[in-house]
Amino acid sequence: MPETLPKSERLRGQTAVSALFEHGKGLSSGCLRCKYIASPAHADASRIVVSVPKRLFKRAVKRNLLKRRIREAYRRQKELLSAPCDILFVYSAPEVLPYEVIYADMTAILQKIC
RNA sequence: AUGGCAGGACGAUCUGUCGCGGCUAAUCUCCGCUUUUUGCGGUGAUGGUGCUGAGGAAAGUCCGCACAGGACAGGGCACCCGUCUGUGGAAAGCACAGUGGGGAGUAAUCUUCAAAAUGCGUAACAGAGAAUAACCGCCGGAGUUUUUCUUUUUUUUCUCCGGUAAGGGUGAAAACGCGGGGUAAGAGCCCACGACGCUUUGCGGCGACGUAAAGCGGGUACGCAUCCGGGCCUGCAAGACCAAAUAUACCGGCAGCUGAGGGCUGCCCGCCUGAUGCCGGGGGGUAGGUUGCGAAGAUAAAUGACAGAUUCAAAAACAGAAAGCGGCUUACGGCCCUGCCAUUAUU
RNA sequence: GGCUCCAUAGCUCAAUUGAAUAGAGCAUUUGACUACGGAUCAAAAGGUUACAGGUUUGAGUCCUGUUGGAGUCA
């Protein structure tokens, strides 16, 4: 599986995201919380949403930085997933953590989902 | 050399391995037209073929513009904003250059205010008085009283009338300053010098204004109105287009009080109810999509991760485009250039 | 993203058109009353008027800028 993350592997649309919020199963590990739906009917590949709450970080620069780190961590490790899933990642730590910590937490999350 | 002031430029670069948004050569799929191929147009997919991809403030949303919709015959009132001068500018609570007061600094320099005339209002507390000022005081006159044997003069007490802004504990602010003359006492009442304001003239300046002379004048500060200039309202979540599902104006067809349809039911019978039901078209319009949209440009939103090198040293500070443009304001590590000022030292 | 608005005592609110000790209720503390508590009565404390500048003799009020918060438009 290539280590790419094209646009088609991102979950888009307000209705789809709302459905994931209401019906997804919850997990958390370290600085990350997530909700996911395993094996949705419509998709061949996994699709993800990344969210960093504005109430944790007021400045857009920090939110963008964390979203990029989370996406990078997912991109490097998405072969850990055995079946396609729709996943929502939410950052929950009150300070900006370095890439290595996010990478480790992402590993734990993906292993729990499988 | 140290410290400071002003102005300007910058806001890392390079290499390697992965990765992201947009456009695109090319290839493939499907559809339509022409149809022998071919060609043209469109949809979608791949796309390391190439190009391009965050800031000086992208921020705050404080001004202004353009654009869009709404309102609007014309004019006025009301309301809001602005206010020294010139130039630039589409305009601006804009920029640049200047004028005149006040303030800060040894200085370089910085900062703040500002039009004209008329009318009206306010000036708490304190204070005699805060704006056509007589409470005390000073002066004059009349009366009264006291001193005296009596009269006159002088002195004292009180009352009344008048003059007077020189003095008086206040206050943010007290009716030009100071000297002389003058006077019953006083006063720009008069004079000299000085400060201020207005007018006229000369000179300089496009102008605000400066300067010189002459004449005139004498109550301060702030606010409001008139006056002059400008302003319709709302904002890209504006607005335009396409358009599921559901309900449905309207139109057509079919069935229908000789019972359609509905309720009880898994189905039939039966019972109850009693006028619309079904199909098609169709307009507005919701979800959603397209556009508005740019020499970055999406629609949950793109610039990142890791390793290394460089400038003395860790690329570190403030910070991420969501419609565009011109300004302002606020935040900010560091570096470079130019000019100037103060202090110290040397020649 | 655009637009509109708010901030005063621990809480809820006043303070006219700038005028001097910023006020009221509840809450708090102390005292009285009571055998004790509640209620009541009396008194006290509590404020850099969100922050920083400016105008003014004088600012909670007027002007500018920051900070925090709320509402609204699909």
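The following refers to the structure shown. (Residues numbered from 1 in each chain as written. Chains lettered and ligands numbered in written order. Predicted model: local features only at pLDDT ≥ 70, side-chain atom pairs only at ≥ 80, totals over all residues. Heavy atoms only, no water.)

Turning our eyes to something else, we now look at the pairing of strand 3 (residues 47-51). Counting buried positions over the 5 residues of strand 3 gives 4, a clear majority of the element. The pairing of strand 3 with strand 4 (residues 85-91) spans 5 bridges and is parallel. Following the sheet pairing, valine 49 is matched in strand 4 by leucine 88. Handedness of the crossover joining strand 3 and strand 4 through helix 2 (residues 60-77) is recorded here as left-handed. (Buried < 20%, exposed > 50% of the residue type's maximum accessible area, 1.4 Å probe, protein only. Helix = DSSP H or I, 4+ residues; strand = E, 2+ residues; numbered from the N terminus. Pairing = 2+ DSSP bridges. Right-handed = clockwise from strand over helix to strand, strands pointing away.)

Okay, the nonpolar core next. Counting 25 residues, the largest nonpolar core has Ile70, Ile87, Phe89, Tyr91, Met106 and Ile113 as the members making the most contacts within it. Elements represented by at least two residues in this core include exactly strand 2 (32-38), strand 3, helix 2, strand 4 and helix 3 (99-113). The leading source of residues in this core is helix 3, at 5 residues. Residue contacts for isoleucine 113: discarding those within four places in its chain leaves Leu27, Cys34, Tyr36, Leu81, Cys85 and Ile87. Formed by 5 residues, the second largest nonpolar core is a distinct cluster that contains Leu11, Val49, Leu88 and Val90. (Core = buried A, V, L, I, M, F, W, Y, C linked by side-chain atoms within 4.5 Å. Contact = heavy atoms within 4.5 Å.)

A few words now on the pattern of salt bridges. Under the criterion given, the structure shown has 2 salt bridges. A salt bridge links arginine 75 to glutamate 72; its shortest N-O distance comes to 2.6 Å. Of this pair, arginine 75 and glutamate 72 both sit in helix 2, 3 residues apart, which is roughly one turn of that helix. For glutamate 72, a relative accessible area of 26% gives the class partly exposed. Glutamate 72 is the partner of arginine 76 in a salt bridge, and the nearest nitrogen-oxygen pair spans 3.3 Å. Here the residue arginine 76 and the residue glutamate 72 both occupy positions in helix 2, the gap between them amounting to 4 residues, near one helical turn. Overlapping salt bridges bring together Glu72, Arg75 and Arg76 as one network. (Salt bridge = Lys/Arg side-chain N within 4 Å of Asp/Glu carboxyl O.)

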